[in-house]
Amino acid sequence: MSPIEPEGIRRQSTTRRRRTVRLRTLLIWLAVVPTVAMGTQVTVTAERLLAQAEKLRSDVAAAEQVGAPLYTLMVDMQAERTATAARWAGADGSEGELRARRDATDLAAAEFRRLAVDPSRSFVDVTRLLEKLAGHRQRADTRNGSADSTLAYYSDVIGKVIQVYQQEFSHAEDAELAQASRPVVSMLQATEMVAREDTVLALAGPSGDLSYVGYDQFVSALGAQRYLHEALIVPHLTVRDQRSYERVVGSPEWQTKTRIESAVLSGHKDIATGIRLPAETSGWSAAHATFSVQMTTLNIDLARSVLARGEAKADDLQAEVAWLIGGSAGGLLAVVIVVVFTTRSVLRRLDDLHERTVTVAEETLPEVVARLQRGQSVDPDALPTVSGDRDEVGRISDAFARAVAVSVDGHRELAAERHGFGLFASGIASRTGNLVSRQLSLTEDLQDTFGHDEALLAELMRADQLTVGMRRQIENLLILAGGEVPDPHTEPMRVADLLREAAAEVEDFRRIERQALDETSVEPSAISQISHLLAELLDNATRFSPPKSKVVIRAELVTDGLSVEIEDRGPRVSPERYEEMNGRLHEAPPYSVLAQNAHRLGLFVVGHLADQLRAKVTLRRSVYGGTSAVVILPRQLLVATDAQAPREIEPQARVLELLPAPAPTLALAAAVPSKPPAPEPAPEPEPVVHTSAGLPSRRTKAPAAVPAAPAPVPALVPAPAVRPALPERVPQTHIAEQLREPRAQERVVRPDTATPEEVADAWADYEQGTQTVEEELRRDQP
C-alpha cells in the first residue's frame, strides 16, 4: 500500500514553517522583475538611439561630401542638355557653348566618381549611366538617330541624380527630418522640369518651330513644375525658407518665365510639322539665366537646412541617451540587489527539489519497478514521503511524493496481475502438455503395434509430426509468459544436425533444403532455443510460400559469429512492413504490443528468443522475390567441432533422415507382393534396435550396439519387407520443464494380435477421452 498519511503529517513542524520564507512572498518580491525588463528596454532604447544618432551623423557627413558634387553634376548635365538641343537646332554659337558645357560636365563627373566610392549607397546607377556619356555625345555630334532619344539620356541621368538625393535626404527613421527633406527633393524635381522647358525651347532653334512631341514635352514639364510648387514645396516650407522662396518667385525674371510659359500655351500657331512658338520666347534665355541661379541658391539653402537639422537631431539623441542611462542606473541597481537575493533563494530551493526528483525518477523509481516485476518486496523508506510543508515548494514536493506512490501502487498491481497471468498460462500449458504427452505415447504405441503397415506408419508419423508442432506452440506460450525453453543437451551439436533438428519441427519438412557450409558446433545450453527459433522461421517460410516451392536454410561462419539464412519464395512484402517487423525482432516487444498483435505470435517468440540468445534476426526481400530471414548467432554460442566425435542426431531429426518416401497405394502394394524392395543399409553412426513388430526401437536408453531379435511373426500376418531402421524417439525430450511430469511405466508391447474390431474400439475410446478433456478445458476457461 501507499505510504502516504497526508492528514497526520500536515500538522507537523509548525516551527519549520515559520522559519521558511513562503514562496508567495518570494513571488511578490519577484514582482519587481518588470523593472529589470524596463532596464533591458532602456538599454535597447539607448542602443537604438545611439545607432540612430550615428546614422544621422554618417548621412550628414556623406551628404556634405557628395551632395555638392552631385548637385553640380545635375546642373551641368541640364546645361549640356540644353546646349546639345541648341546645337541640334543649328543655333548660332551653339558649338562653342556645347564644348564649354561638356568640359564643365566632365569635371563634375570626375569629382563625383572620386567621392562616390561607398558601394552600399545608391551611387552605382549614376556612375553606370555616366559611362555611356561619350557614346551619346558622339551621336549628337553626328546626329545619328533622333534628338529626342539623345536628350532622353540626359534626362535619365538627371533623374537618377534626383533619386540619389531623395534616398540620401529621406531619413525615413525620423519623421521630423523626413518632413523637412520633402521640399528639398521636390525643389530639385521642379528645377528639372524648368530645365526641360529650357531644353525644349532651345530645340526649337532660331525658327521657333517645334514638333508636336516637343510641344507635349513642354506642356508636361510645365504642368509638373507648377504642381510641385503648389502642392509639395510651398506647404512644407518653414517660415524662413518660405520668405526666401517668395523672393525668388516674385523676381522680374520669374515673372518673365511665367509670362512666356503662358504665351507658349495660348499664343502658338499650328503648322504642318508641328507648332510655331510666339515671339515672346526670345526673352526666355536671359530670364532663365537669372532665376535658375536664384533657384540653385534656394535649393542649396534648403539642403543645408536639412543637414543642420540632422546634426542637431543627432546631438539631441545623444543627450537623451545620457539622461536615460543616468536616470535608470540608480533604480536598476536597487532592483538588481533585490532580484539577486530573491532569485538565489528560490533557485536554491528549487534545485534541491529538482535533485530529489531526478534521483527518484532515474534511480529509485526504476529500481522499485524492477523489484516489483521480479516479485520482490519494496522498502517504503526508499520512496519519497509527504512532509506536510505548507509553502509552495513543499506542496509541490508532496504532490510529487503522492504521484510516485500512486505509480508504485499501479506497478505493484500490474506486477501481481502479470505474475498471476504467468501462473495461469503455465497451468494451461501444463495441462495441455499432459494431453500432448498422452498423444505422443498413444502414437508411439500405435507405431510399435502397426509398424508393419507402411501406409498406416506414414499416417502415424504425420500425426506424430503434428503433435510435435503442438508441443512447439505450448513452448511458445511459455516463452511469451516469461519462461525459457530448457535444454536437455549435454554435448555440443554440429550445425548440420541443428538445422536437421529445426527442420524436423516443421510439418512440411520435406520442402526444406539444408546447407551447412562450415563445420562448427553449438553450445549445449543454447541448442533448444536456437532450434526453436529456426523452427519458427522455417514454419513461417513454408506456410507463406507456394506449396511446391523449396525453402532453403544455409549456415556459414561470418565475422560476427554464425549466419543462418532462411530463404523462401513467398509473397512480396513492402519495405515499410519489413522495417516494422525488424523493429520488433531486434528488440523484444512489450506485452502491450503482443496483446494488439495476437495473430503474429511467431514474430514475438522469435524476438524473445533472439533477445535471450543476444542474436540478431533481420528480415529482408530475397533475390527471388520472397523473404530472406538472416539470423546472426554470436561467437559465444559456438564451439569448435571435434572431428572424431560421433554425430549426434536428435530423434525427431533422425526420423527425417530414415523416414521413407510416402507409402505407395494399396493397389500398388498388392500388385508386387512377391518382390519386396532390397534392404537399405542402416545409418553409419550407430545401429538401430528393432521391436517385435519390425519397427525401430523407440527406447534410446537401450544399448544401441545390440539389436533386438525380432519376434516370430504369426502365420496369418505376412512378414514385412526389410526397410531402413527408424530411429528411437524419446518422449518429452524437448518439452519445457514446466510441462514435464512423471511418466507412467510403459507397457510391454505384445505382438500385433488385435482384431480390426478391437483397434476400432481403441480409437473410439481415444476420441472420447480427447473430447472429454477438451470439454473440461472449456469449462475451466473464465
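One can find the structure itself at the top, above this paragraph.
Residues numbered from 1 in each chain as written. Predicted model: local features only at pLDDT ≥ 70, side-chain atom pairs only at ≥ 80, totals over all residues. Heavy atoms only, no water.

A look at the overall build of the protein
Okay, so step 1: Along the protein, the regular secondary structure elements total 23 helices and 11 strands.
Okay, so step 2: Sorting the 782 residues of the protein into buried and exposed places 41% on the buried side.
Okay, so step 3: When contacts within the protein are restricted to residue pairs at least 6 apart in sequence, those whose partners lie at least 24 apart make up 78%.
Okay, so step 4: For the protein, the accessible area works out to roughly 42,200 Å², and carbon and sulfur atoms hold 56% of it. (Helix = DSSP H or I, 4+ residues; strand = E, 2+ residues; numbered from the N terminus. Buried < 20%, exposed > 50% of the residue type's maximum accessible area, 1.4 Å probe, protein only. Contact = heavy atoms within 4.5 Å. Areas by Shrake-Rupley, 256 points an atom, 1.4 Å probe, with all protein chains shown as cover.)

Thoughts on helix H16 (residues 495-504)
Okay, so step 1: Of all the 10 residues making up H16, nine are buried; the element is thus mostly covered by neighbouring parts of the structure.
Okay, so step 2: Those residues of H16 lying buried are Val495, Asp497, Leu498, Leu499, Arg500, Glu501, Ala502, Ala503 and Ala504.

Brief notes about the side chain of Asp568
Okay, so step 1: With respect to the helices, strands and loops of the structure, Asp568 is situated in the loop between strand E8 (561-567) and helix H18 (575-586).
Okay, so step 2: Here Asp568 occupies a buried position and makes no salt bridge, while the nearest side chain of opposite charge, Arg569, is found at 6.7 Å.
Okay, so step 3: At 3.1 Å, the side chain of Asp568 and the backbone nitrogen of Gly570 are in polar contact.
Okay, so step 4: Among the polar contacts made by the side chain of Asp568, one reaches the main-chain amide nitrogen of Thr627 at a distance of 2.8 Å.
Okay, so step 5: If we skip the residues at most four places from it in the chain, Asp568 touches Ala541, Ser545, Val551, Ser622, Gly626 and Thr627. (Lys, Arg positive; Asp, Glu negative; His and termini not counted. Salt bridge = Lys/Arg side-chain N within 4 Å of Asp/Glu carboxyl O. Polar contact = N/O pair within 3.5 Å; in protein donor to acceptor, adjacent residues only side chain to side chain.)

Thoughts on the packing of helix H12 (residues 252-267) against helix H13 (residues 284-373)
Okay, so step 1: Where H12 meets H13, the closest approach of the two axes is 8 Å, and the angle between their N-to-C directions is 130°. Put simply, H12 runs oblique to H13. Helix-helix and strand crossings are classified by hand; for H12 and H13 the assignment is left-handed. Note on element contacts: H13 touches H12 through Trp284, Ala287, Thr290, Phe291, Gln294 and Met295, opposite Glu253, Trp254, Thr256, Lys257, Ile260 and Glu261.
Okay, so step 2: Across the contact of H12 with H13, the residue classes break down as six nonpolar, three polar and three charged. (Axes fitted to C-alpha atoms, helices over the stretch in contact; angles between N-to-C directions. Parallel < 35°, antiparallel > 145°, perpendicular 65-115°, else oblique. Left-handed = near helix turned anticlockwise from the far one by under 90°. Nonpolar A, V, L, I, M, F, W, Y, C, P; charged D, E, K, R; others polar.)

Comments concerning the sheet that holds strand E1 (residues 209-211)
Okay, so step 1: Judged by pairing direction, the sheet is antiparallel, and its three strands sit side by side in the order E1-E3-E2 without closing on themselves. Strands at the two margins of the open sheet, each flanked by one partner only, are E1 and strand E2 (269-271). Each strand axis lies, on average, 35° off the axis of its neighbour in the sheet, ignoring direction.
Okay, so step 2: Of the strand pairs in this sheet, E2 and strand E3 (residues 274-276) are connected by three bridges, and their pairing is antiparallel. Directly across from Asp270, in E3, lies its bridge partner Ile275.
Okay, so step 3: Here helix H10 (residues 212-233) sits on the sheet in contact with E1, E2 and E3, set at roughly 85° to E1. (Pairing = 2+ DSSP bridges.)

A word on the sheet that holds strand E5 (residues 512-516)
Okay, so step 1: Read across the open sheet, the five strands follow the order E5-E7-E8-E10-E9; overall the sheet is mixed. Of all the strands in the sheet, the pair left with one neighbour each is E5 and strand E9 (616-621). If you compare each strand with its neighbour and ignore which way they point, the axes differ by 15° on average.
Okay, so step 2: Relative to strand E10 (residues 627-634), E9 runs antiparallel, the two sharing six bridges. In the strand pairing of E10, Leu619 is matched with Ala629.

Quick notes on the environment of Ala615
Okay, so step 1: With respect to the helices and strands, Ala615 occurs in the loop between helix H20 (601-613) and E9.
Okay, so step 2: Residues Ala615 and Arg635, 20 residues apart in the sequence, show an inter-C-alpha distance of 9.9 Å.

Focus: the packing of aromatic side chains
Okay, so step 1: All told, the structure shown has three aromatic pairs when counted by the stated rule.
Okay, so step 2: Consider the rings of Tyr153 and Tyr154, whose centres lie 5.5 Å apart with planes at 70°: the pair is edge-to-face. The same class applies to Tyr153 and to Tyr154, which are both buried.
Okay, so step 3: Three or more aromatic residues joined by ring pairs make a cluster, and in this case those are Trp254, Trp284 and Phe291. (Phe/Tyr/Trp six-rings, centres within 6.5 Å; stacked < 30°, edge-to-face > 60°.)

Concerning the nonpolar core
Generally speaking, a soluble globular protein has its nonpolar side chains buried in company with each other.
Okay, so step 1: Grouped together as the largest cluster of nonpolar side chains are 43 residues, with contacts concentrated most on Ile530, Leu533, Leu534, Leu538 and Ile566.
Okay, so step 2: The contacts of Ile530, once residues within four sequence positions are left out, are Leu498, Val522, Leu613, Leu633 and Leu637.
Okay, so step 3: In terms of nonpolar packing, the next biggest core, distinct from the first, is built from 33 residues, Met193, Leu201, Leu298 and Leu302 among them. (Core = buried A, V, L, I, M, F, W, Y, C linked by side-chain atoms within 4.5 Å.)

Description of the environment of Val126
Okay, so step 1: For Val126, the location among the structural elements is in helix H6 (residues 124-130).
Okay, so step 2: The class of Val126 is buried, set by a relative accessible area of 0%.
Okay, so step 3: Between the alpha carbons of Val126 and Phe112 there is a distance of 9.5 Å; along the sequence they are 14 residues apart.

Notes on the environment of Asp59
Okay, so step 1: As for its position among the elements, Asp59 is in helix H4 (residues 33-89).
Okay, so step 2: Between the C-alpha atom of Asp59 and that of Leu307, which follows or precedes it by 248 residues, the distance is 8.5 Å.

Here we look at the pattern of salt bridges
Okay, so step 1: Summed over the entire model, instances satisfying the criterion amount to 23 salt bridges.
Okay, so step 2: Here Glu192 makes a salt bridge to Arg196, at a shortest N to O gap of 2.8 Å. Of this pair, Glu192 and Arg196 are both found in helix H9 (residues 175-204), four residues apart, which corresponds to roughly one turn of the helix.
Okay, so step 3: On the accessibility criterion, Glu192 (2% relative accessible area) is buried.
Okay, so step 4: Here Arg196 falls in the partly exposed class, since its relative accessible area comes to 32%.
Okay, so step 5: Glu567 is the partner of Arg554 in a salt bridge, and the nearest nitrogen-oxygen pair spans 4.0 Å. With a gap of 13 residues between them, Arg554 in strand E7 (residues 551-558) and Glu567 in strand E8 connect regions that are remote in the sequence. Both residues of the pair, Arg554 and Glu567, count as buried.

Concerning the side chain of Arg494
Okay, so step 1: Its place among the elements puts Arg494 in strand E4 (residues 493-494).
Okay, so step 2: A distance of 3.0 Å separates polar atoms of two side chains, one belonging to Arg494 and the other to Glu519.

Brief notes about unusual backbone geometry
Okay, so step 1: Positive phi values are uncommon outside glycine, yet Arg143 reaches one of about 55°.
Okay, so step 2: Following the sequence through the fold, Arg143 ends up in the loop between helix H7 (133-142) and helix H8 (147-168).
Okay, so step 3: The exposure class assigned to Arg143 is partly exposed, which follows from its relative accessible area of 41%.
Okay, so step 4: Phi angles above zero are rare outside glycine, and Arg614 is one such case at about 55°.

Side note on H12
Okay, so step 1: Across its 16 residues, H12 extends 21 Å between first and last C-alpha, which sits within 8% of the 22 Å expected from 1.5 Å per residue.
Okay, so step 2: Of the residues making up H12, those classed as buried are Trp254, Thr256, Lys257, Ile260, Glu261, Ala263 and Val264. (Expected span 1.5 Å × (residues − 1).)

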